Amino acid sequence: EPEVTQTPSHQVTQMGQEVILRCVPISNHLYFYWYRQILGQKVEFLVSFYNNEISEKSEIFDDQFSVERPDGSNFTLKIRSTKLEDSAMYFCASLTPGTGPNTGELFFGEGSRLTVL
Amino acid sequence: AQSVAQPEDQVNVAEGNPLTVKCTYSVSGNPYLFWYVQYPNRGLQFLLKYITGDNLVKGSYGFEAEFNKSQTSFHLKKPSALVSDSALYFCAVRGVYNFNKFYFGSGTKLNVKP
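Since the structure is predicted, the reported quantities are computational estimates derived from the model, not experimental observations.

Rules of the game
Residues numbered from 1 in each chain as written. Chains lettered and ligands numbered in written order. Predicted model: local features only at pLDDT ≥ 70, side-chain atom pairs only at ≥ 80, totals over all residues. Heavy atoms only, no water. Phe/Tyr/Trp six-rings, centres within 6.5 Å; stacked < 30°, edge-to-face > 60°. Helix = DSSP H or I, 4+ residues; strand = E, 2+ residues; numbered from the N terminus. Buried < 20%, exposed > 50% of the residue type's maximum accessible area, 1.4 Å probe, protein only. Disulfide = S-S within 2.5 Å. Pairing = 2+ DSSP bridges. Axes fitted to C-alpha atoms, helices over the stretch in contact; angles between N-to-C directions. Contact = heavy atoms within 4.5 Å. Salt bridge = Lys/Arg side-chain N within 4 Å of Asp/Glu carboxyl O. Polar contact = N/O pair within 3.5 Å; in protein donor to acceptor, adjacent residues only side chain to side chain.

1. Some remarks on the packing of aromatic side chains
Here's step 1: This model, assessed by the stated rule, comprises 21 aromatic pairs over all chains.
Here's step 2: The interplanar angle of 50° and the centroid separation of 5.6 Å between the aromatic rings of Tyr35 of chain A and Phe108 of chain A together place this pair among those described as tilted. Remark: Phe108 of chain A occurs in strand β10 (residues 106–108) and Tyr35 of chain A occurs in strand β4 (residues 31–37); sequence separation between them is 73 residues.
Here's step 3: Residue classification places Tyr35 of chain A among the buried positions, given a relative accessible area of 1%.
Here's step 4: Three or more aromatic residues link up through ring pairs in this structure, and these residues are Tyr33, Tyr35, Phe45, Phe91 and Phe108 of chain A together with Phe34, Tyr36, Phe46, Phe102 and Phe104 of chain B.

Written as structure tokens, this is what we have:
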């Protein structure tokens, strides 16, 4: 069964450092997402991406965050200057194609745990 | 605006007993509703969805959910709980005007005790 893969599974970084989280969405999916989850609690939307550009972003997704799809398969989330409060589990997701009655569902990766010291 | 609410942070149930995890929604228009499960240190996994048709939707691992339009609810149910069902459960609704936006509830932790 196709799956969304994320790397690294865990990253520890110093405050102020840049971090890149990588995701390989399912190949025939068109919409991609980043979510984050702090301490196993609420799942917070960060950004959605379609056709090589940001479709929507939340208030959390400020100027220190960026996303790109550099090579047609990888989908990356960059945090330019990490802060302590960026420590969280970051999930990538992609959306199965479909509209109306065949409305697709999100497929999530296993997550990248970011620890900022 | 679209949103879902999960009124219980935690649900405790004994193994073998029926379980219910509650979700209510607020949507202008026809709702597209989903349930996801998250096991410890794992990503969210799709369980089931309601799009249209039969109000009782069956999903993975023996779970089902009942769509109730008059009560704007979409409760997750299982007739007989297993210890392995212990996990975090999230209800979600898909945007009516933006099909590609999903709104997640705050999650309910299900504890099934032997």
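2. What about the state of the cysteines?
Here's step 1: Applying the stated criterion across every chain yields a total of two disulfides over all chains.
Here's step 2: Across the disulfide, Cys23 of chain A is cross-linked to Cys92 of chain A (sulfur-sulfur distance 2.0 Å). Handedness of the Cys23 of chain A-Cys92 of chain A disulfide follows from its S-S torsion of about -65°: it is left-handed. On the criterion of sequence distance, the pair formed by Cys23 of chain A in strand β3 (residues 19–24) and Cys92 of chain A in strand β9 (residues 88–95) is long-range, its members being 69 residues apart. Taken as a pair, Cys23 of chain A and Cys92 of chain A share a single burial class, namely buried.
Here's step 3: Disulfide pairing is shown between Cys23 of chain B and Cys91 of chain B; the S-S distance is 2.0 Å.

3. Focus on the sheet that holds strand β7 (residues 65–68) of chain A
Residue and element names in this part refer to chain A.
Here's step 1: The strand order across the open sheet built from four strands is β1-β3-β8-β7, with neighbouring strands paired in antiparallel fashion. Of all the strands in the sheet, the pair left with one neighbour each is β1 (5–7) and β7. Sheet twist, expressed as the average angle between the axes of neighbouring strands with direction ignored, equals 15°.
Here's step 2: Bridge count for β1 against β3 is three bridges, and the pairing is antiparallel. Of the residues in β3, the one forming a bridge with Thr7 is Arg22.

4. A closer look at the interface of chain A and chain B
Here's step 1: On the side of chain B, 21 residues touch chain A, which itself brings 23 residues to the contact.
Here's step 2: Taken together, chain A and chain B are joined by three salt bridges.
Here's step 3: Between Lys49 of chain B and Glu105 of chain A there is a salt bridge; the shortest N-O distance is 2.8 Å.
Here's step 4: Taken together, the links from chain A to chain B amount to ten residue pairs in polar contact (both at pLDDT 80 or more).
Here's step 5: Looking at the side of chain A that touches chain B, the elements with two or more residues in it are β4, β5 (43–50), β9 and β10 of chain A.
Here's step 6: The greatest single-element share of the side of chain A that touches chain B, amounting to four residues, is contributed by β4 of chain A.

These results come straight from atomic positions and should not be treated as a statement about function.
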